[in-house]
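Here are the chains, one letter per residue:
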Amino acid sequence: MERTAQEDAIQRTIDRIPAGVCVFRQRQGEIRCVCANARCAEIVGAAAQALAGETLEQALARMDPEDRTHCRSGFVSPLFQNRPANGIYRLFQPQRDTYRWIRLDGQPFLQPGSDPCAYVSCTDVTEQMQAQDALEQSRQTMNSILRYAPGGVFVYSAEEDEQFSFISEHMLAMLGYTAEEFRRKFDNRFSRMIYAEDRD
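Residues numbered from 1 in each chain as written. Predicted model: local features only at pLDDT ≥ 70, side-chain atom pairs only at ≥ 80, totals over all residues. Heavy atoms only, no water.

Here we take up helix 5 (residues 65-79). Here helix 5 spans 21 Å end to end across 15 residues, near enough to the 21 Å set by a 1.5 Å rise per residue. Helix geometry: helix 5 is bent most strongly at Cys 71, by close to 45°. All buried positions along helix 5 are accounted for by Asp 67, Cys 71, Phe 75, Val 76, Pro 78 and Leu 79. Looking at the buried side of helix 5, the elements it contacts are strand 2 (30-36), helix 4 (56-60), strand 3 (85-93), strand 4 (98-109) and strand 5 (117-124). If you check the start of helix 5, you find a side-chain oxygen 2.9 Å away from the backbone N of Glu 66, and it comes from Asp 64. (Helix = DSSP H or I, 4+ residues; strand = E, 2+ residues; numbered from the N terminus. Expected span 1.5 Å × (residues − 1). Bend = angle between axes of the 7 residues up to and from the residue. Buried < 20%, exposed > 50% of the residue type's maximum accessible area, 1.4 Å probe, protein only. Contact = heavy atoms within 4.5 Å. Polar contact = N/O pair within 3.5 Å; in protein donor to acceptor, adjacent residues only side chain to side chain.)

Strand order in this open sheet of 5 strands is 2-1-5-4-3, and the pairing throughout is antiparallel. Lying at the two open borders of the sheet, with one neighbouring strand each, are strand 2 and strand 3. Averaged over all adjacent pairs, the angle separating strand axes in this sheet is 30°, with direction ignored. Where strand 3 and strand 4 come together, 9 bridges link them in antiparallel fashion. When the sheet's bridge partners are listed, Gly 87 is paired in strand 4 with Leu 104. Across the sheet, helix 5 is in contact with strand 2, strand 3, strand 4 and strand 5; its angle to strand 3 comes to roughly 145°. (Pairing = 2+ DSSP bridges. Axes fitted to C-alpha atoms, helices over the stretch in contact; angles between N-to-C directions.)

Following this line, the structure appears as structure tokens:
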């Protein structure tokens, strides 16, 4: 693929950037990667020389099939309508034989008389996503345990508003209310449950 002098200059610039960066260009309806730095290639799991010249479809082929459509509509389409875009997608890395979560941030740039282009930075956020998933699974497990614990269980904020964030089924049964009735009667606040003279 033939590159312009401007694209050669861009390549020299992004080669100095420690974050993963690549540039896509739209010409005659086709979107291609025109340059990518070494960090971008490392994150994607390919050689930088191999990325330069790739079509958009070749780049998307690395993604999890479920993410490709989302990336086209939620990331690529806005970029080439001159709007910034970002998203988190799963990319397959052959050398690790695994999928990694990659955050893409794109910024379009247009110059008079030139093809539409976009800078795209990429960041491996796999560890953050795995931590979020583990936290969510723990939360769901804890909620399941608490919801069906034999005694009454509730969780409320220790802040001044004392708002309930969780009320178990057994607690509601003990008090004789539905969840909605409970929240309405006590204004969803712990202190309202306590007999007025005992609150202090």
